[in-house]
Amino acid sequence: ILASLEHPNIARLIDGGTTDAGVPYVAMEYVEGEPIDAFCQAHRLDVRRRLEIFLQVCAAVHYAHQHLVVHRDIKAANVLVTADGTPKLLDFGIAKLTQPGPAVDQTVTRYRVATPESASPEQLQGKPITIATDVYALGVLLFRLLTGESPYGSGVQSEADLIRAVCEQE
């Protein structure tokens, strides 16, 4: 999936294959940077600058969506910002190709694949994944960038609490 994406805000795939022992591997561009939330906090960026960086992340996600790729794990740790302020979207490890036309998920997912804190309701409920999954995660990321907190508040103590907060509460 990643090999088909060439965007200035997406980490590039350098190589991939299988070792002699049959273990698959992927070599990606090394990105020296900080997670986007830590970068914004450490540099005390104002709202305008945070939004400028966030819009570059949105452009990268939009590019992936144009190529029928849903990232499925957009979170602060998967967006590193380099010293010059360039964000790079990483870790397409659980990305999924979508089909043009109506969203039909022909794969069977036995386990939920996502980081619960940034997962969309459909991910947590095991429903079909669409680009809305990434849009939801972008909203969670933006909330964190602008407030420094989770959109679900501090009362979330367990994964069950988090699922309720995401899927049932406004």
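The model shown is predicted, which means the values in this text are computed figures rather than measured ones. (Residues numbered from 1 in each chain as written. Predicted model: local features only at pLDDT ≥ 70, side-chain atom pairs only at ≥ 80, totals over all residues. Heavy atoms only, no water.)

1. Overview of the sheet that holds strand 6 (residues 87–89)
Adjacent strands of a sheet form backbone hydrogen bonds with each other and so pair up, either parallel or antiparallel.
Item 1. The sheet built from 3 strands is open, its strands ordered 3-5-6 with antiparallel pairing. Unpaired on one side and paired on the other, strand 3 (34–35) and strand 6 mark the two borders of the sheet.
Item 2. As judged from the 2 bridges shared by strand 3 and strand 5 (residues 79–81), these two strands associate in the antiparallel manner. Counted as the bridge partner of proline 35 is leucine 80 from strand 5.
Item 3. The strands touched by helix 2 (residues 47–66) are strand 5 and strand 6; relative to strand 6, the strand with the most contacts, the crossing angle is about 30 degrees. (Pairing = 2+ DSSP bridges. Helix = DSSP H or I, 4+ residues; strand = E, 2+ residues; numbered from the N terminus. Contact = heavy atoms within 4.5 Å. Axes fitted to C-alpha atoms, helices over the stretch in contact; angles between N-to-C directions.)

2. Remarks on the nonpolar core
Item 1. Within the largest apolar cluster, 25 residues are counted, with the highest numbers of intra-cluster contacts made by Leu5, Ile10, Ile36, Phe92 and Leu141.
Item 2. Mapped by element, the contributors of at least two residues to this core are helix 1 (36–42), helix 2, strand 5 and helix 4 (131–147).
Item 3. Of the residues forming this core, the biggest block, 7 residues, is contributed by helix 2.
Item 4. Sequence-distant contacts of leucine 5, that is, excluding residues within four places in its chain, are made with Ile10, Tyr63, Ala64, His67, Val69 and Phe92. (Core = buried A, V, L, I, M, F, W, Y, C linked by side-chain atoms within 4.5 Å. Buried < 20%, exposed > 50% of the residue type's maximum accessible area, 1.4 Å probe, protein only.)

3. Focus on the pairing of strand 2 (residues 24–28)
Item 1. Across 5 bridges, the pairing between strand 1 (residues 13–18) and strand 2 is antiparallel. Within strand 2, the position partnered with glycine 16 by the bridge is valine 26.
Item 2. Adjacent in sequence and paired antiparallel, strand 1 and strand 2 are bridged by 5 residues, among which glycine 22 carries a positive phi angle near 85 degrees.

4. A closer look at the packing of helix 2 against helix 4
Working note: a packed helix pair is described by the angle between its axes plus the distance between those axes.
Item 1. Packing of helix 2 against helix 4 leaves a shortest axis separation of 11 Å and a crossing angle of 165 degrees. If you check the angle between helix 2 and helix 4, you find them roughly antiparallel. Once helix 2 is placed against helix 4, the crossing between them reads as right-handed. Contacts between helix 2 and helix 4 involve Val47, Arg50, Leu51, Phe54, Val57, Cys58, Val61 and His65 from the first element and Ile131, Asp134, Leu138, Leu141, Leu142, Leu145 and Leu146 from the second.
Item 2. Here the contact of helix 2 with helix 4 is composed, by residue class, of 12 nonpolar, 1 polar and 2 charged. (Parallel < 35°, antiparallel > 145°, perpendicular 65-115°, else oblique. Left-handed = near helix turned anticlockwise from the far one by under 90°. Nonpolar A, V, L, I, M, F, W, Y, C, P; charged D, E, K, R; others polar.)

5. Here we look at the pattern of salt bridges
A side chain with one charge may pair with a side chain of the opposite charge, provided their charged atoms come close.
Item 1. The final tally for this structure, using the stated rule, is 5 salt bridges.
Item 2. One salt bridge in this structure joins arginine 12 and glutamate 29, with 3.9 Å as the shortest N-O distance. Of this pair, arginine 12 sits in the segment before strand 1 while glutamate 29 sits in the loop between strand 2 and strand 3, and the two are 17 residues apart along the sequence.
Item 3. The class of glutamate 29 is buried, set by a relative accessible area of 17%.
Item 4. Its salt-bridge partner being arginine 49, residue glutamate 52 comes within 3.3 Å of it at the nearest N-O pair. Here glutamate 52 and its partner arginine 49 are both found in helix 2, 3 residues apart, which amounts to about one turn of the helix.
Item 5. For glutamate 52, a relative accessible area of 34% gives the class partly exposed.
Item 6. What makes arginine 49 partly exposed here is its relative accessible area of 26%.
Item 7. Salt bridges sharing common partners tie together Arg12, Glu29 and Lys88. (Salt bridge = Lys/Arg side-chain N within 4 Å of Asp/Glu carboxyl O.)

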